[in-house]
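# Secondary and tertiary structure notes
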Amino acid sequence: MAYKTLKEVLKDAEDNNFTVGAFNAHNLEMVPAMIEAAHEEGAPVVIQTSVATARYVGMSNFVAVCKSMATNEAVDVVLHLDHARDIKDIEDAIAAGYSSVMFDGSLLSFKENIEKTKRVVDFAHARGVSVEGEIGTIGGTEEGFTVKEGNYTRPEDAVKFLQECDVDALAVGVGTHHGQFQSKTKLNFPLIEELHKKLNRPMVIHGGTGVKEEDYHRLTENGIRKFNVGTEILVAWTKKAKEMFGETEVNNSLRNNIIPCNDEVNKIIKHKIELFMNK
Ligand code: 13P
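As the structure is a prediction and not an experimental result, all values here were calculated from the model.

### A word on the packing of aromatic side chains
Throughout the structure, instances matching the rule amount to three aromatic pairs. Each ring, one from Y216 and one from F227, has its centre 4.7 Å from the other, and the planes form 50°; the classification is tilted. Within this pair, whereas Y216 is found in helix 9 (residues 216-221), its partner F227 is found in strand 10 (residues 224-229), the two being separated by eleven residues in sequence. Per residue, the accessibility class of Y216 equals that of F227, and both read buried. Relative to F276, the ring of F227 has its centre 4.9 Å away and its plane inclined at 45°; by these criteria the two rings are tilted. Pair noted here: F227 is in strand 10 and F276 is in helix 11 (residues 254-276), with a separation of 49 residues, a long-range link. Each of the two residues, F227 as well as F276, counts as buried. An aromatic cluster is present here, built from Y216, F227 and F276 joined pairwise through their rings. Over the ring of F123 we find R127, and its NZ or CZ is 3.7 Å from the ring centre.

### Side note on the site of the ligand
Taken together, 14 residues surround the ligand, and among them D82, G179, G207, T209 and T231 come closest. Separating an oxygen atom of the ligand from a side-chain N or O atom of H206 is a distance of 3.0 Å. Isolated, the ligand exposes 310 Å² of accessible area, and the fraction of that covered by the protein chains is 95%. Elements supplying a minimum of two residues to the shell around the ligand: strand 3 (77-84), strand 8 (177-178) and strand 10. Broken down by class, the residue content of the shell around the ligand amounts to one nonpolar, twelve polar and one charged.

### Re the pattern of salt bridges
By the definition in use, this model includes 22 salt bridges. For D92, the salt bridge identified is with R55, shortest N-O distance 2.9 Å. Linking D92 in helix 5 (residues 87-96) with R55 in helix 3 (residues 51-57), this pair joins segments that are 37 residues apart in sequence. For D92, a relative accessible area of 22% corresponds to the partly exposed category. When its relative accessible area of 42% is taken as the criterion, R55 is described as partly exposed. One salt bridge in this structure joins E112 and K116, with 3.8 Å as the shortest N-O distance. With a gap of four residues between them, E112 and K116 both fall in helix 6 (residues 110-126), about one helical turn apart. Given the relative accessible area of 32%, E112 is considered partly exposed. Classification of K116 by relative accessible area gives partly exposed; the value is 26%.

### Thoughts on the side chain of Q48
Its location among the elements puts Q48 in strand 2 (residues 45-49). Side chain to side chain, Q48 and K226 meet in a polar contact 3.0 Å long. Side chain to side chain, Q48 and N228 meet in a polar contact 3.4 Å long. Once you skip the residues sitting within four places of it in the chain, Q48 turns out to touch A22, F23, N24, A25, H80, D82, K226 and N228.

Rules used throughout
- Residues numbered from 1 in each chain as written.
- Predicted model: local features only at pLDDT ≥ 70, side-chain atom pairs only at ≥ 80, totals over all residues.
- Heavy atoms only, no water.
- Phe/Tyr/Trp six-rings, centres within 6.5 Å; stacked < 30°, edge-to-face > 60°.
- Helix = DSSP H or I, 4+ residues; strand = E, 2+ residues; numbered from the N terminus.
- Buried < 20%, exposed > 50% of the residue type's maximum accessible area, 1.4 Å probe, protein only.
- Lys NZ or Arg CZ within 6 Å of the ring centre and 35° of its normal.
- Near = heavy atom within 4 Å.
- Polar contact = N/O pair within 3.5 Å; in protein donor to acceptor, adjacent residues only side chain to side chain.
- Areas by Shrake-Rupley, 256 points an atom, 1.4 Å probe, with all protein chains shown as cover.
- Nonpolar A, V, L, I, M, F, W, Y, C, P; charged D, E, K, R; others polar.
- Salt bridge = Lys/Arg side-chain N within 4 Å of Asp/Glu carboxyl O.
- Contact = heavy atoms within 4.5 Å.

Structure (structure tokens):
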């Protein structure tokens, strides 16, 4: 049990047919509660940060907490940079000690996405760091989405992308949207099944907040090995914080208000991991 790369934990997931939960940390406070949840479930965990949150907290601070908890709590922890579009952010995260990075070239032309992802893979793999790429797009940030045909990953593009780019995991557009917390999405299962048959690579679901829990099992059966949850954690933490801080005396210890918020995160993560592990 240790600080691991994404490649290592996804191999474990593939060999034992489960999905690894990847949870967005929105501040440093919630990270111990996240890792503790994985420890209690006896499962590996991916802690991921957006570039903006990584800059806010400090990349090396995230690394320090994840490394020390991985060692002291005896749990496999990956620290992953989510949706980096700028290679400088990837270089900085790797220098700070992140064990995995995502290069999101989904807004680039197909050719440019391949070129840049290849550069990231060469750079990261030479330093023992894993890489997630993306093909197709994941819509999002507001409710009331419509999935445009162009958002879906085209299987022939994904096959070509993987021939060119040796990524350790591939984010696919299969009907999910980032930030969908007031409704649930309809996944394109025929496409997921086709991708699973054609791609011999762990696939990643983004926008996990908007995915119905009853769909999780079918996703695991179809090669989804990393499943991202961000907004659900943010919303739970913020709701509890509003409740706690709304009622508090101004001289009450901060921890009395913050521990319940972190406990909400812990509960969500344990519940998700149980579903991902098929418990
Ligand atoms: P949600 O915030 O919609 O759960 O998505 C998380 C995610 O995919 C991060 O990349």
